[in-house]
Amino acid sequence: MEQLKVPLCPLYTLKNGLNHHFGDKEPWQIVAVTTSSVLAGVWIYNFIFDDECVITRTKKAFFRLAKKIPAIKSRLDKEITKVREDFQEEVRSRTGHLDYLIALPDSGWSTESIISKVEGDLKLGNYDWKNGKVSGAVYVNNSDINQLVTEIYGRTAFTNPLHPDIFPGISKIEAEVIKMVGKLLHGGPDVCGSMTNGGTESILMACKAYRDYAREVKGIKNPEIVVPVSIHSAFDKASQYFGFRVKSIPLDPVTYKVDIKAMKRAISRNTIMLAGSAPNYPYGTIDDLAAISELGLKYNIPVHVDSCLGGFLTMFMPDAGCPVPICDFRLEGVTSISADTHKYGYAPKGTSVVLYRDIKYIHHQYTVTTDWPGGVYGSPTMCGSRAGGNIAVCWATMLKMGMDGYVTATRNIIHTARYIEKRLREMKGIFIFGQPGTSVVAIGSNDFHIYRLANALTKLGWNLNTLQYPSGIHICVTQVHTQPGVADSFINDVQNSLNEILKDPTLPPEGKLAMYGVAQKLPDRAIVGDFIRCFVDSLYYIPTKKQ
Ligand SMILES: *Cc1c(COP(=O)(O)O)cnc(C)c1O
């Protein structure tokens, strides 16, 4: 007892002090003071440690208030109406000359007229994507694969893996795809996974699995993920859907890989997942996944590798003679990987895979309901019914390609990307962001506004992707760019455009990209969000014909 008393001493002092302080207060007063101070404490804590930092929220509150001032509000409404009309005008310029169907036909059409209608619609659009004028978007244009997937889809269009008793073959095919990809990613015998409708869904699933895993196993109620700022926007989508915080870690300004030290500092008790990309979409660089894997092991946090874009290249690069860092389950800390079969897997749009090192994670991906009158229900991914046809054409494409097909395609693509990179590096006025890890080559400039190059190339029929913070453009090389002459024609067009631009490097960009540049500088991101909503609305806009 004597020993215990010493450490308790401060407590006694505290007790006496409190008794003295509250000695003349009535019990209700003590209760009121205690309750309100605890509530105030919680409020202050939440205010300071909210999802966003205090400055961001103060700024947002300021803009929200400012927008209530009538003069500002009417100005903004005008601005938004104009943006809306601009987006609608764009739709009109593309399809406004055509008749839209706005009601179900009274009687069914003949197959011939439907086919002729769809052929007409497919002819729309000015970009020559078949001949390599477009970055990313189309990963293969191969008549053998087209014919194969048409055959296979024709046979499987009405199947649904939701009913494995009715379509056991489709379940078998899905399991085979998972097994094959698991092996290509050097997963052990316990590797498991699901096919999804695309990369975004694969990422959503991993985020959902880790949120629920952390809640159940670690009791984490305010989940956070720690990811590079360059990670795909699907992680933001996941945060909006599933309610967790995203801590975005800046990139090293030279390598354009995530700053590992900053990543380490951002880890907290609430971190449910770390992630890196192989490669990321904007710059095409591969994060230091070995280091992220180490962080995951050290702090016992799951690590996801987003190989949506590059998975079906990095798997084959060693065999194709192209060096690439290890970015799969051979890294001990990596607990899941997403890889898109509908990108460099060359399958039609609508499939991707998400794989886990261990079944304990995927169990938290599944949705299970036990008390529904429709029956006990368990399903692996977002969808209930799923397109068996998509699964089958993915599987068929993989079998058609085979190891040798993928290795050859990978070699051609990486060689083309390296050739383009090398030639671009020789040009004055532009630079390449970091070291392209696979097929994406991102271009910036310190001498002129890089969007001017994008504009110049658009005029020459090219469609590249534009980047912000910092401004840049990139080309994502696919099989269509490996056709003879495509890379050289791109390089020539860049060089000729540069020659023009560098005559007066100070000119600002024009047109749509000028607007894009202005939007980047707007401090009120909520307004930019409103603009983007106008854009999404315009996808469903039906132009009315001018009489
Ligand atoms: C394409 C992509 C994804 C997923 O995109 P989907 O369009 O949903 O297939 C995820 N990460 C990266 C790096 C990507 O390029």
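All residue numbers refer to position in the chain's written sequence, counted from 1. Selection of residues for local features in this predicted model requires a pLDDT of at least 70, selection of side-chain atom pairs for listing and counting requires 80 or more, and totals for whole chains, interfaces and linings are taken over all residues. The side-chain values count all of the structure's non-hydrogen atoms but skip hydrogen atoms and water molecules.

K.L.:
Residues and numbers for the overall build of the protein chain, please.
P.N.:
Numbering of helices and strands runs from the N terminus, with a helix taken as a DSSP run of H or I at least four residues long and a strand as a DSSP run of E at least two residues long. Within the protein chain one finds 18 helices and 13 strands. C-alpha atoms of the protein chain, sized along the principal axes, occupy 90 × 65 × 60 Å. Contacts were defined at the residue level, with two residues in contact if any of their heavy atoms lie within 4.5 Å. Nonlocal contacts in the protein chain, meaning residues at least 24 apart in sequence, comprise 72% of its contacts between residues at least 6 apart. Only the protein chains shown count as covering a residue, and every accessible area follows the Shrake-Rupley method with a 1.4 Å probe. Surface accessibility of the protein chain: about 30,100 Å² in total, with carbon and sulfur atoms responsible for 59%. Neither His nor the chain termini are counted; the positive set is Lys and Arg, and the negative set is Asp and Glu. Think of each charge as sitting on NZ of Lys, CZ of Arg, CG of Asp or CD of Glu. Counting 60 positive and 53 negative side-chain charges, the protein chain places the averaged centre of each group 4 Å from the other.

K.L.:
Which residues make up the side chain of Asn280, and what values go with them?
P.N.:
Here Asn280 is to be found in the loop between strand E4 (271-277) and helix H11 (289-299). By the criterion applied in these results, polar contacts are pairs of N or O atoms within 3.5 Å in which, for protein atoms, one can donate a hydrogen and the other can accept it, and in which residues neighboring in sequence qualify only through two side-chain atoms. Looking at Asn280, its side chain comes within polar contact range of the main-chain nitrogen of Tyr283, at 2.9 Å. Within the local environment of Asn280, its side chain forms a polar contact with the backbone nitrogen of Gly284, the two atoms lying 2.9 Å apart. Sequence-distant contacts of Asn280, defined by excluding residues within four places in its chain, comprise Ser230, Tyr256, Thr285 and Leu309.

K.L.:
If you had to explain the sheet that holds strand E11 (residues 440-444) to someone new, which residues and values would you point to?
P.N.:
The pairing of strands in a sheet comes from backbone hydrogen bonds and takes either a parallel or an antiparallel form. Judged by pairing direction, the sheet is antiparallel, and its 4 strands sit side by side in the order E10-E11-E13-E12 without closing on themselves. This sheet does not close on itself; its edge strands, each paired only once, are strand E10 (431-432) and strand E12 (465-467). Alignment of E10 against E11, held across 2 bridges, turns out to be antiparallel. Looking across to E11, one finds that Ile432 is bridged to Ile443. Angular values range over 0 to 180 degrees, each being the angle between N-to-C directions of two axes fitted as lines to C-alpha atoms, with helices fitted over their stretch in contact. Lying over the sheet, helix H14 (residues 388-425) contacts E10 and E11, oriented at roughly 15° with respect to E11. Whether two strands pair depends on DSSP finding at least two bridges between them.

K.L.:
Summarise the nonpolar core; cite the residues concerned and give the values.
P.N.:
Grouping buried Ala, Val, Leu, Ile, Met, Phe, Trp, Tyr and Cys residues that are joined through side-chain atoms within 4.5 Å yields what is termed a nonpolar core. Throughout this description, buried means an accessible area under 20% of the type-specific maximum (1.4 Å probe, protein chains only), exposed means over 50%, and partly exposed covers the range between. The biggest cluster of nonpolar side chains holds 93 residues, and the ones touching the most others in it are Tyr346, Leu424 and Ile430. When residues in this core are grouped by element, the largest group, 14 residues, is from H14. The contacts of Ile430, once residues within four sequence positions are left out, are Leu424, Ile443, Gly444, Ser445, Phe448, Ile450, Leu453, Val494 and Leu498. Ranked by size, the runner-up nonpolar core spans 27 residues in total, among them Met205, Ile225, Phe235 and Phe242.

K.L.:
Any chance you could break down H14 for me, citing the residues and the numbers?
P.N.:
When the terminal C-alpha atoms of H14 are compared, their 45 Å separation across 38 residues is substantially less than the 56 Å that a helix rising 1.5 Å per residue should span. Throughout, bend refers to the angle between the axes fitted to the seven residues that end at a position and the seven residues that start at it. Remark: the principal bend of H14, roughly 80°, maps to Gly402. Take the residue count of a helix, subtract one, and multiply by 1.5 Å to get its expected span.

K.L.:
Describe the site of the ligand, listing the residues and the values that go with them.
P.N.:
Throughout this document, a residue counts as near a molecule or strand when at least one of its heavy atoms sits within 4 Å of that molecule or strand. Surveying the vicinity of the ligand reveals the residues Gly199, Thr200, Ile203, His232, Pro279, Tyr281, Asp306, Cys308, Leu309, Asp340, His342 and Lys343. One nitrogen or oxygen atom from the side chain of Thr200 is found 2.5 Å from an oxygen atom belonging to the ligand. At a separation of 2.9 Å, an oxygen atom of the ligand approaches a polar side-chain atom of His342. Alone, the ligand offers 380 Å² of accessible surface; in the complex the protein occludes 84% of this. With 3 residues, the single largest contributor to the shell around the ligand is helix H8 (residues 199-218). Of the residues assigned to the shell around the ligand, the class counts are 5 nonpolar, 4 polar and 3 charged. Charged residues are taken to be Asp, Glu, Lys and Arg, nonpolar residues to be Ala, Val, Leu, Ile, Met, Phe, Trp, Tyr, Cys and Pro, and polar residues to be all remaining types, Gly included.

K.L.:
Please set out the pairing of strand E3 (residues 245-249) residue by residue, giving values where relevant.
P.N.:
Sheet analysis places strand E2 (residues 224-228) next to E3, joined by 5 bridges and oriented parallel. Bridging from a neighbouring strand, Glu224 pairs with Arg245 of E3. When the strands point away from the viewer and the connection leading from the first strand across the helix to the second strand turns clockwise, the crossover is called right-handed. After leaving E2, the chain enters helix H9 (residues 234-242) and then returns to the sheet as E3, a path that is right-handed.

K.L.:
Could you give me a rundown of the packing of aromatic side chains, with the residues and numbers involved?
P.N.:
Note on aromatic pairs: the rings of Phe, Tyr and Trp (six-membered ring only in Trp) are paired at centre separations within 6.5 Å, and the planes decide the class, stacked below 30 degrees, edge-to-face beyond 60, tilted for the rest. Tallied over the full model, the rule gives 18 aromatic pairs. An angle of 90° between the planes, with centres 6.3 Å apart, marks the rings of Tyr241 and Phe242 as edge-to-face. Of the aromatic side chains, those joined through ring pairs into one cluster are Tyr139, Phe312, Phe316, Tyr344, Tyr346 and Tyr406.

K.L.:
Provide a residue-level description of the sheet that holds strand E1 (residues 192-196), including the pertinent values.
P.N.:
Pairing in this open sheet of 7 strands is mixed, and the strands run E1-E7-E6-E5-E4-E2-E3 from one edge to the other. Among the strands making up the open sheet, the edge pair consists of E1 and E3. Strand after strand, the sheet turns through a mean of 20° between neighbouring axes, direction not considered. As defined by bridge partners, E1 adjoins strand E7 (residues 352-356) across 5 bridges and the pair is classed as antiparallel. Looking at the pairing, Ser194 lines up with Val354 of E7.

K.L.:
So what's going on with the packing of helix H4 (residues 70-95) against helix H18 (residues 525-538)? Residues and values would help.
P.N.:
Closest axis-to-axis distance for the H4/H18 pair is 9 Å, and the angle between their directions is 30°. Taken together, the axis directions place H4 and H18 in an arrangement best described as roughly parallel. Crossing hand, H4 versus H18: right-handed. Residues Leu76, Glu79, Ile80, Val83, Arg84, Phe87 and Val91 of H4 form the contact with H18, whose participating residues are Ile527, Asp530, Phe531, Cys534, Phe535, Asp537 and Ser538. Angle categories: roughly parallel below 35 degrees, roughly antiparallel above 145, roughly perpendicular from 65 to 115, and oblique for all the rest. The sense of a crossing depends on the near helix, which, turned anticlockwise from the far helix by less than a right angle, makes the crossing left-handed and, turned clockwise, makes it right-handed.

K.L.:
Explain the environment of Leu148 to me, using residue names and the numbers behind them.
P.N.:
Structurally, Leu148 can be placed in helix H6 (residues 143-156). Setting aside its immediate chain neighbours within four residues, Leu148 contacts Ala396, Thr397 and Lys400.

K.L.:
Kindly report on the environment of Gly402, identifying the contributing residues and their values.
P.N.:
Topologically, Gly402 is positioned in helix H14. Taking the C-alpha atoms as reference points, Gly402 and Met205, 197 residues apart in sequence, are found 28 Å from one another.

K.L.:
Quick one: what's the story with the state of the cysteines, residue by residue and with numbers?
P.N.:
Disulfides are defined in this document as cysteine sulfur pairs within 2.5 Å. Throughout the structure, instances matching the rule amount to 0 disulfides. Between Cys308, a cysteine without a disulfide, and Cys207, which holds the nearest cysteine sulfur, the sulfur-to-sulfur distance is 11 Å. For Cys308, a relative accessible area of 5% corresponds to the buried category.

K.L.:
Requested: an account of helix H7 (residues 168-184), with residues and values cited.
P.N.:
With 17 residues, H7 should reach 24 Å at 1.5 Å per residue; the first-to-last C-alpha distance of 25 Å fits that figure. Contact partners of the buried residues in H7: H6, E1, helix H12 (311-314), E7 and H14.

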